[in-house]
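The lines below spell out each chain.
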Amino acid sequence: MDHPFDCLVIGAGMAGAICARELAERGGKKVLVLERRDHVGGNAYDCFDKAGVLIHRYGPHIFHTNDSRVFEYLSRFTTWYSYQHQVVANIPAEGGRMELPVPFNLISLEVVFGPHKAASLAKRLIAAYGVEKKVTILELRQHPDPEIAALADYVYEHVFVHYTMKQWGQRPEEIDPNTTARVPVFLSEDCRYFQDLYQGMPIEGYTPMFQRMLDHPDITVALGADAGDRLTLAEGTVLLDGVPFDGTVIYTGAVDELFGCKYGRLPYRTLRFQFETHPVDFWQSHGTVNYTMDQEYTRITEFKYLTGQELPGVTTIMKEYSEAYTGEEGQVPYYAIINEANNALYARYQAEAARYPRFHLLGRLAEYKYYNMDAIAARALALCDDLLK
Ligand SMILES: Cc1cc2nc3c(=O)[nH]c(=O)nc-3n(C[C@H](O)[C@H](O)[C@H](O)COP(=O)(O)OP(=O)(O)OC[C@H]3O[C@@H](n4cnc5c(N)ncnc54)[C@H](O)[C@@H]3O)c2cc1C
C-alpha cells in the first residue's frame, strides 16, 4: 500500500502549521498533519470560555517580533489588534501594596523612591549609561556610587529573586548568580514589556489564524491523532500505520516520547492555571501582574486587556502556578530546564532521530528549547526554504 501523502507533520502548533502550509503551497506536496489534541494552534490556542471571554488555555501569548518576514507571513492569515503589553510587579509596601512597571524603569524608580530621590538617581544613571539604555544589575552593582549599587540590590530582591525561585522551584542557593546578574534596568519611561517593531494580537484570536493557515486543499489535519499510535521508528525506517513512509517527516512533539523515553525523561517545568470569572469590567490594573515577593502564584493575566475584547460587566483572569513536571496524564511540559546534564540527555535522543533520513525535529518540544512564537515561525520558514530548494 502506498501512502497518499508526500509529507507528514506531527503537531499543529506554530512550527507544524507553518511547515504544513509551506510544503503544500510552495512545494505542491500533499501533507498529513497529526495533532493529538482536539484543536490546532498548539500552546497558542485560544477559545471563548462560558462567560464569553476569549481566553488562552495554555498561558498568555502576546505576539511581538522584529522579523518582518514572520510578521508579513502571519499577516496573510490574520489582521491584528494593536496591543502593547505592559506588566507590573505587585509587592507589599508600607500600609498596603504597590505596583511598579516591569522591567524596572524610570517610572518604577519614582514609585519606589518618590519623585525627589528618583530624579536624582535617574540623572546619575543616565549620566553613567545613557538614556533609553538597558543596564544589567551586575553592571549597576559594580558602579562606585553606593546608591546606584544599592538600586541593583533593590531590584534583585523585590522584582527578581523570589519570582525566579517560584518559577523554577529553586532555593536561594540554587539561583545561578550569572543568570540573575543579566536582569536589566531600563533607563526609560517606556512602560511597554516589549520594544519590538511589530506587536499585537490576532484580531479574532490565534485559533482562527491557525485554522486559515491549515485550510489548504493539499493539507489533511487529523485531530485527536497521537503520533505514538500511528508512527514507528525502527532500524532507520519510518513506518506510518505500519507501512514504510519515505517522505519528509517534521516532528514537533517531545523527542524523548518519540523513543519511549528509553534514556529517561527530559526534565521540564509545568504550569497549573486557575481561571476565575468576575462580574466586573476589569479586575486588575494591567494585562499581567507579577507577584514577585509573595503569593504562591507567579502572575495573574486578565485576557480582556490582551485581546481588546469589548464585553462589559464580566472578565476572566488566570492565576499561574509553576510546578515540577512528572509526565503524568494531562500535564503539559512547558519550559525545558536547560543545563549541561539535560542537554546531554537531549543530544542522545537527537542522535537517535538523526538515523532517520528526511526526519526533522522542529519546535520547542522537539528541540528541547524555549522559543518565542516569532522565533519558531522563523525556524519553520527557514527549514522549509531548505527542504524546498
Ligand atoms: C506560558 C507560556 C507563555 C508563552 N507566551 C508567549 C508569548 O507571549 N509570546 C511568544 O512569542 N511566545 C510565547 N510562548 C512560547 C510559545 O508557546 C511557543 O513559541 C510555541 O508554542 C511554539 O510552537 P511549537 O509548534 O514549537 O509548539 P507547541 O505550540 O507546543 O505545538 C506542538 C504541538 O504538537 C502536538 N503534539 C505533541 N506531541 C504529539 C504527538 N505525539 N502526536 C501528535 N501531536 C503531538 C501538541 O499537542 C501541540 O499542539 C509562551 C510559552 C509558554 C509556555
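Residues numbered from 1 in each chain as written. Predicted model: local features only at pLDDT ≥ 70, side-chain atom pairs only at ≥ 80, totals over all residues.

## Regarding the site of the ligand
Consideration 1: Taken together, 34 residues are adjacent to the ligand, and G11, G13, G42, G59 and G253 come closest.
Consideration 2: If you list the elements that add at least two residues to the shell around the ligand, you get α1 (14-25), β2 (31-35), α8 (227-230) and α12 (373-387).
Consideration 3: Class assignment for the residues of the shell around the ligand results in 16 nonpolar, 12 polar and six charged. (Near = placed C-beta within 6 Å. Helix = DSSP H or I, 4+ residues; strand = E, 2+ residues; numbered from the N terminus. Nonpolar A, V, L, I, M, F, W, Y, C, P; charged D, E, K, R; others polar.)

## Comments concerning the domain arrangement of the protein chain
Consideration 1: Domain parsing of the protein chain yields domain 1 (7-44 + 206-266 + 335-387) and domain 2 (91-186).
Consideration 2: Between the C-alpha centres of domain 1 and domain 2 the distance comes to 40 Å. (Domains from an automatic or database assignment.)

## What about the sheet that holds strand β7 (residues 87-93)?
Consideration 1: Strand order in the open sheet formed by seven strands is β8-β7-β18-β19-β20-β17-β21, with mixed pairing between adjacent strands. The sheet is open, and its two borders are formed by β8 (96-102) and β21 (335-336), each paired with just one other strand.
Consideration 2: When strand β17 (residues 268-278) meets β21, the two strands line up antiparallel, connected through two bridges. Following the sheet pairing, R269 is matched in β21 by Y335. (Pairing = 2+ DSSP bridges.)

## Let's talk about the pairing of β7
Along any regular strand the residues' side chains alternate between the sheet's two faces.
Consideration 1: Where burial is concerned, most of β7 is hidden: five out of the seven residues are buried.
Consideration 2: Where β7 meets β8, seven bridges bridge the pair, whose relative direction is antiparallel. Bridging across to β8, V87 finds its partner in V102.
Consideration 3: In this antiparallel pair of consecutive strands, β7 and β8, the connection spans two residues, and G95 shows a positive phi of 75 degrees.
Consideration 4: Relative to strand β18 (residues 288-290), β7 runs parallel, the two sharing three bridges. (Buried ≥ 20, exposed ≤ 12 C-beta atoms within 10 Å, placed from the backbone.)

## Re the packing of helix α2 (residues 68-75) against α12
Consideration 1: Direction vectors running N to C along α2 and α12 enclose 90 degrees, while the axes themselves pass 9 Å from each other. In terms of orientation, α2 lies roughly perpendicular with respect to α12. Taken together, the residues of α12 that come into contact with α2 (itself represented by R69, V70, Y73 and L74) are D374, A377, A378 and L381.
Consideration 2: When grouped by side-chain class, the residues that make up the contact of α2 with α12 number six nonpolar, no polar and two charged. (Axes fitted to C-alpha atoms, helices over the stretch in contact; angles between N-to-C directions. Parallel < 35°, antiparallel > 145°, perpendicular 65-115°, else oblique. Contact = placed C-beta atoms within 7 Å.)

## Some points on unusual backbone geometry
Consideration 1: With an omega dihedral of -5 degrees, the bond running from V102 to P103 counts as a cis peptide bond.
Consideration 2: Mapping P103 onto the fold places it in the loop between β8 and α3 (106-129).
Consideration 3: Not every positive phi belongs to a glycine, and E235 is a case in point at roughly 50 degrees.
Consideration 4: Its identity is not glycine, yet D241 carries a phi of approximately 50 degrees, on the positive side.

## Observations concerning helix α7 (residues 206-214)
Consideration 1: All buried positions along α7 are accounted for by Y206, T207, M209, F210, M213 and L214. Looking straight down α7, one finds that the buried residues subtend no more than 160 degrees of arc, so they occupy a single side.
Consideration 2: The inward-facing, buried residues of α7 contact α1, β2, β3 (46-48), α2, β11 (198-202) and β12 (219-223). (Arc of directions from axis to C-beta.)

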